[in-house]
Every structure is written in C-alpha cells, then in structure tokens.
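This is what each chain is made of:
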Amino acid sequence: MPLIIMISVSSISILGMVLIPGVDASGHPYHMTFFEAFYFVSFMSTTTAVRLRNPEG
C-alpha cells in the first residue's frame, strides 16, 4: 500500500508540473517536459527524505 501511495503522489506531482506553465527569465511561458519534471521530483524527494531523517544538518 505505501508503494502505491508513493507512486501516485509522484505521478500527480509530475503531471502537475508538466501541465501548469511556469515563467522563464524573460517573462515568457515555459512548460516542463516529462523528463524535467521527473528529474525535479526525484531530486527533491531524496533531498527531503535526507532532511527529514537528519533535521539538524
């Protein structure tokens, strides 16, 4: 069950990042690709997990 929840949350996060436009440095709309969104979610989840295990450092 926890694996299904983790896959669902990451899938929804990736889909949201792909569908919702951002703004680049010059003010133009920017859409992430699935690869960029997957990289961002995977990088941030490992960083958050390490931070949760060791909040002092």
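These notes cover the structure that comes with them. What you see is a predicted model; the values in this text were computed from it and never measured. (Residues numbered from 1 in each chain as written. Predicted model: local features only at pLDDT ≥ 70, side-chain atom pairs only at ≥ 80, totals over all residues. Heavy atoms only, no water.)

1. What to know about the overall build of the protein
Next up, step 1: Per the secondary structure count, the protein includes two helices and two strands.
Next up, step 2: Element order for the protein, N to C, with α for helix and β for strand: α-β-β-α.
Next up, step 3: Split by element, the accessible area of the protein, about 4,900 Å² in all, is 75% carbon and sulfur. (Helix = DSSP H or I, 4+ residues; strand = E, 2+ residues; numbered from the N terminus. Areas by Shrake-Rupley, 256 points an atom, 1.4 Å probe, with all protein chains shown as cover.)

2. As for the packing of aromatic side chains
To describe a pair of aromatic rings, one takes the distance between the centres and the angle between the planes.
Next up, step 1: Throughout the structure, instances matching the rule amount to one aromatic pair.
Next up, step 2: Ring geometry for Tyr39 against Phe43: centres 6.2 Å apart, planes inclined by 20 degrees, an arrangement best described as stacked. Of this pair, Tyr39 and Phe43 both sit in helix H2 (residues 34-53), four residues apart, which is roughly one turn of the helix. (Phe/Tyr/Trp six-rings, centres within 6.5 Å; stacked < 30°, edge-to-face > 60°.)

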